[in-house]
Amino acid sequence: MSKELAAALETLEKEKGISKEIVIDALEAALISAYKRNYGTSQNVEVSFNEKKGTVTVYQVKEVVEEVYDSQLEVSIEDARERNKAYEVGDKIKFEVTPKNFGRIAAQTAKQVIMQRLREAERTIIYNEYIEYEDDLMTGTVERQDNKFIYINLGKVEAVLSKRDQIENETYQTHDRIKVYVSKVENSTKGPQVFVSRTHPNLIKRLFEQEVPEIYDGIVEIVSIAREAGDRSKIAVFSRDENVDPVGTCVGPRGSRVQAIVNELNGENMDIVEWDKNPSVYIKNALNPAQVVDVKFDDNQHSCVIVVPDYQLSLAIGKRGQNVRLAAKLTGFKIDIKSESDMASLEQETAALKDDSFFEALNEDDADATNDLESMIETPSSFEDDESTEVVEYQDENISDDADSTVLAEDNSQMDSQPEEPVMDTDFQAGELDSNDAEDLVELAEKRDDMGEEEASKASMEEIDEKTFPEDENNL
């Protein structure tokens, strides 16, 4: 070896970025492998490289022992002390065994090992460099494309852009410079693999960080992004400073900031809305530009029903349902859109169904529904507090003193004017019917039983009345 080797190592370090230490370690390992293969030995061998002189020295390492069993690996204590009296049993001694000429096979082996180590070192360096760009934005040049990938040159590595990561309406030509989002970096056996994307939602986030200093500094924060690449995106932003308008900051003077991002994405529409901790307000903002009348939540299913004016129903839903779909992705709620008229009809139908189910439950002797009905009946009536009504006690002359009845009447005079119908049971209870009249009544009943149906129906009720109630009207 010569000084030219040391100079070559320095040049390699500058061009490839591989440090001399890595190359020297690879060189020493290659020379050890070549030496063992060339001389057919498995003994302990070490190689030392002198950077200043550019020379390489090969040493055979032996252990000091009392009695030698393998001369390739061991040396006796007597021979060791001939070299230096300070040696003790168990020490290691290096003997220089540098060959004058390794030969063609040794040189070829050394070359292969050095090249392999250099490739591994270069891959590691590239991987460590690009792993720092993972989840970040980079600018590359389109080099070539095939049926599966578009290959983007990022400098030291060629990144791949798959079909699912390409925007539908975009066309890529060779030597085009585009901005891509580094989604993943892998260290495979073939070297570092870098995967990039143009459809990832974080691409928009990184573009806004480049265009809006307030986002990069953390004053304005992007809370959520919902994107349909190449067509439309919704971005929810929040300001940590009350004096900074998050939406206006992202739009920029005359829309310059957001327009730069739209141009980079070939005309993709951007809806920037303000995030709010109140879900109702947040959902209303997310459905912009549609106006929302009301938001009804269903906590069990994490969903909601949005009520909008009839004339804005199509605007709230959007083309092919895009507006409500992006709003649902942005907020994380399942959203159902209803017009005001549809909502009113739905509420009426719901009320009717509740009434039907209630009375159906009553017919089926539903205990809960029955209890509800009883509670309704027991509820004090609204006319109890009316001064025009009063509760009076009415005593029937034909009823004993113990049998009282309390009735509700608007006026006592109206109660007295009501005609009373004589009741047979009451007459017996009052003692107004004697035994003779009772016998006549029994005979009349037997006579009527002997009549036919037609004769019985034609019987004079006056005769029956005379037999039954012989007293005058004053006894009624």
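Position numbers for residues count from 1 along each chain, tracking the sequence in the order it is written. A pLDDT threshold of at least 70 governs which residues receive local features in this predicted model, and a stricter bar of 80 or more applies before side-chain atom pairs are shown or counted, although totals over entire chains, interfaces and linings include all residues. Side-chain numbers here rest on the full set of heavy atoms in the structure, without hydrogens or water.

Participant: I'd like a rundown of the sheet that holds strand β6 (residues 149-153), residues and numbers included.
Facilitator: Pairing is mixed around the closed barrel formed by 5 strands, whose spatial order is β5-β6-β7-β9-β8. Strand-to-strand twist in this sheet, taken as the mean axis angle between neighbours without regard to direction, amounts to 55 degrees. A pair of strands is labelled paired if DSSP reports no fewer than 2 bridges between them. Secondary structure is summarised from DSSP: a helix means a run of H or I of at least four residues, a strand means a run of E of at least two, and numbering begins at the N terminus for each. The pairing of β6 with strand β7 (residues 158-162) spans 5 bridges and is antiparallel. By the bridge assignment for β7, Tyr-151 is matched with Val-160. Here, two residues are considered to be in contact whenever any of their heavy atoms come within 4.5 Å of each other. Axes here refer to lines fitted to C-alpha atoms; in helices the fit is confined to the stretch in contact. Angles between the N-to-C directions go from 0 to 180 degrees. Along the sheet, helix α5 (residues 201-211) contacts β5 (136-145), β8 (177-188) and β9 (191-197); its crossing angle with β8, the most-contacted strand, is approximately 125 degrees.

Participant: A description of the packing of aromatic side chains should follow, citing residues and the corresponding values.
Facilitator: For this analysis, a ring pair means two rings from Phe, Tyr or Trp (six-membered ring only for Trp) whose centres lie within 6.5 Å, classed as stacked if their planes differ by under 30 degrees, edge-to-face if by over 60, and tilted for the remaining angles. Scanning the model with the defined rule gives 5 aromatic pairs in all. A ring pair is formed by Phe-238 and Trp-275, whose centres lie 5.3 Å apart and whose planes are at 85 degrees; its orientation type is edge-to-face. Taken together, the residues span a long stretch of sequence, with Phe-238 in strand β11 (residues 232-239) and Trp-275 in the loop between β12 (269-274) and α9 (279-286) at a distance of 37 residues. Of the aromatic side chains, those joined through ring pairs into one cluster are Phe-238, Trp-275 and Tyr-282. Ring-over charges, as used throughout, are those where CZ of Arg or NZ of Lys falls within 6 Å of the ring centre and within 35 degrees of the ring normal. One Lys or Arg, Lys-94, reaches over the ring of Tyr-59 and ends 5.9 Å from the middle of that ring. Looking at Arg-144, its charged tip hangs above the ring of Tyr-151, at a distance of 3.9 Å from the centre.

Participant: If you had to explain the nonpolar core to someone new, which residues and values would you point to?
Facilitator: Note on soluble globular proteins: their nonpolar side chains tend to be buried together. We call a set of buried residues a nonpolar core when its members are Ala, Val, Leu, Ile, Met, Phe, Trp, Tyr or Cys and they connect through side-chain atoms within 4.5 Å of each other. For every residue, the accessible area obtained with a 1.4 Å probe (protein chains only) is divided by the maximum for its type, and the residue is called buried under 20%, exposed over 50%, and partly exposed between those limits. Judged by nonpolar contacts, the single largest core of 21 residues is most densely connected at Ile-283, Leu-287, Cys-304, Ile-306, Leu-330, Ile-335 and Ile-337. Secondary structure elements with two or more residues in this core: α9, β14 (303-308), α11 (322-331) and β15 (334-339). Considering every element that reaches this core, the biggest residue donor is α11, with 4 residues. When neighbours within four sequence positions are excluded, Leu-330 is seen to be in contact with Ser-224, Ile-225, Ala-226, Lys-234, Ile-235, Ala-236, Val-273, Tyr-282 and Ala-286.

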